[in-house]
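Residue-level structural notes
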Amino acid sequence: MFTNFIIFDITYMGRVLIIGAGGVATVAAHKVAQNADVFTDIMIASRTQSKCDAIVKAIGNPAIKTAQVDADDVDQLVALFNDFKPELVMNLALPYQDLTIMEACLRAGVNYLDTANYEPKDVAHFEYSWQWAFHDRFKQAGLTAILGCGFDPGVSGVYTAYAAKHYFDKVEYLDIVDCNAGNHHKAFATNFNPEINIREITQKGRYYQDGKWIQTEPLEVHKPLNYPNIGPKDSYLLYHEELESLVKHYPTIKRARFWMTFGQEYITHLRVIQDIGMARIDPVMYNGQEIVPLQFLKAVLPNPQDLGANYEGETSIGCRIRGMKDGKERTYYVYNNCSHQAAYKETGMQAVSYTTGVPAMIGAEMFFKGLWNCPGVNNVEEFDPDPFMEQLNKQGLPWHEAFDIDLEL
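All of the points below concern the structure found in this document. (Residues numbered from 1 in each chain as written. Predicted model: local features only at pLDDT ≥ 70, side-chain atom pairs only at ≥ 80, totals over all residues. Heavy atoms only, no water.)

**Here we look at the overall build of the protein**
Looking only at helices and strands, the protein has 14 helices and 18 strands in total. In summary, the protein has a C-alpha radius of gyration of 20 Å against a globular reference of 22 Å for 409 residues, a match within 12%. Counting only C-alpha atoms, the protein reaches 60 × 55 × 40 Å along its principal axes. Within the protein, the fraction of its 409 residues that count as buried is 58%. Across the protein, the fraction of contacts at a sequence separation of at least 24, relative to all contacts at a separation of at least 6, is 73%. Approximately 16600 Å² of the protein is accessible, and the part contributed by carbon and sulfur atoms is 49%. Counting 35 positive and 51 negative side-chain charges, the protein places the averaged centre of each group 1 Å from the other. (Helix = DSSP H or I, 4+ residues; strand = E, 2+ residues; numbered from the N terminus. Rg over C-alpha atoms; globule rule 2.2 N^0.38 Å. Buried < 20%, exposed > 50% of the residue type's maximum accessible area, 1.4 Å probe, protein only. Contact = heavy atoms within 4.5 Å. Areas by Shrake-Rupley, 256 points an atom, 1.4 Å probe, with all protein chains shown as cover. Lys, Arg positive; Asp, Glu negative; His and termini not counted. Charge placed at Lys NZ, Arg CZ, Asp CG, Glu CD.)

Put into structure tokens, the structure is as follows:
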């Protein structure tokens, strides 16, 4: 089912521009710099240039350029793209900015990659339709856009494509399981942007079954699941964007769900935040001016970039798949476990940022090597998974697999 991607006879210069200066962008910049044979010219840009400069200092490569840009401003982005002339823009900023960056890429003739689908600022809603609507324009321009190239979404889609290619005639049941068994020794903190994280978790759950979407109350459905090297953890059913693209590209899927672990202390804090109105995304008046409660909360919570130094434990993220092969039912589990301390030692960031930033770099590498080049807007599962899976093992996210086991689901 892979897209008929094109292998160009062009030798790319590996000229890449990273937008963003958070934890994911920091990891991606470190990994890009480590692969100088692919990425020959690098720029990091964000609203605050000093944050980009700090990343360059931490990497220790003064050849990396930095710039200030407002990613909400298409004209500023186009001017920056025309000046630096990247072959690929890695959008590691906020999901709110996906559409402006995609528009700027079209105007400047630049290829595009991101790790999360577009969200409107004023509505906590996750849907690919806004970005898929760019497909014809990117295709006509001969430009490639790679969507959702983090871990979940990202590696979860590649895992599914790999399983479908090698082990199944039909993928019928898919469960994406995401466990963070780490301890950051904070009373309450989010592992990535607090505003995005809390918006995601407090929305109604949703899963796909028998051709339709079934909605649940927030965190209503949960069960203990066993994770390799970790053990049982209470896992909650959420809606996650890759479910939308995976059921589209694998129409044999009968049921697709996404699960994430949370400790009881986290759930208690989250419930209080909701009960007192601090999870609201609509503005309220305070001292004569409008503030958004969730944005204020973000300002007082610990910065996810600062969690790494004392973070212990590991993450475990994977796909549990059931389907048919040669007329017989089989099960398959493919996953990665990532140590917070190992991630911090390498990049100065914890494992949640690491597991998103590394796949973003690998996706960019796939593009520059001509392996993932297809004009139009593409989700990662539309490409050949094999070279990506090979690089996961080489770039710090080795994967493991198990066959014909009880998936507990």
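**Focus on the packing of helix α1 (residues 23-34) against helix α2 (residues 49-59)**
Between α1 and α2, whose axes approach to 10 Å, the crossing angle comes to 45°. Put simply, α1 runs oblique to α2. For the crossing formed where α1 meets α2, the hand is right-handed. Residues Thr26, Ala29, His30 and Ala33 of α1 lie in contact with α2, whose contacting residues are Ile55, Ala58 and Ile59. Taken together, the residues that form the contact of α1 with α2 break down as 5 nonpolar, 2 polar and no charged. (Axes fitted to C-alpha atoms, helices over the stretch in contact; angles between N-to-C directions. Parallel < 35°, antiparallel > 145°, perpendicular 65-115°, else oblique. Left-handed = near helix turned anticlockwise from the far one by under 90°. Nonpolar A, V, L, I, M, F, W, Y, C, P; charged D, E, K, R; others polar.)

**Looking at the packing of aromatic side chains**
Under the counting rule described, the total for this entry stands at 19 aromatic pairs. Considering the side-chain rings of Tyr162 and Tyr167, the 6.0 Å spacing of their centres and the 80° angle between planes classify their relative orientation as edge-to-face. Considered together, Tyr162 and Tyr167 belong to a single accessibility category, that of buried residues. On the numbers, 6.4 Å between centres and 70° between planes, the contact of Phe168 with Tyr332 is edge-to-face. Of this pair, Phe168 sits in the loop between α7 (155-166) and β7 (170-180) while Tyr332 is found in strand β16 (residues 328-339), placing the two residues 164 residues apart along the sequence. (Phe/Tyr/Trp six-rings, centres within 6.5 Å; stacked < 30°, edge-to-face > 60°.)

**Considering the pairing of strand β15 (residues 314-325)**
Of all 12 residues making up β15, 9 are buried, and the element is well covered by its neighbours. Sheet analysis places β7 next to β15, joined by 10 bridges and oriented antiparallel. Looking across to β15, one finds that Leu174 is bridged to Ile321. Here 12 bridges tie β15 to β16, and the two strands are oriented antiparallel to one another. Within β16, the position partnered with Ile321 by the bridge is Tyr332. Hairpin connection from β15 to β16: 2 residues lie between these consecutive antiparallel strands, with Asp326 at a positive phi of about 55°. (Pairing = 2+ DSSP bridges.)

**Focus on the pattern of salt bridges**
Here the idea is simple: oppositely charged side chains can pair when their charged atoms come close. Here the structure, examined in full by the defined rule, presents 20 salt bridges. Across the pair Arg47 and Asp72 runs a salt bridge whose closest N-O atoms are separated by 3.1 Å. Here Arg47, found in the loop between β2 (41-46) and α2, pairs with Asp72, found in the loop between β3 (65-68) and α3 (74-84); they are 25 residues apart in sequence, far enough to count as distant. Between Glu172 and Lys254 there is a salt bridge; the shortest N-O distance is 3.6 Å. (Salt bridge = Lys/Arg side-chain N within 4 Å of Asp/Glu carboxyl O.)

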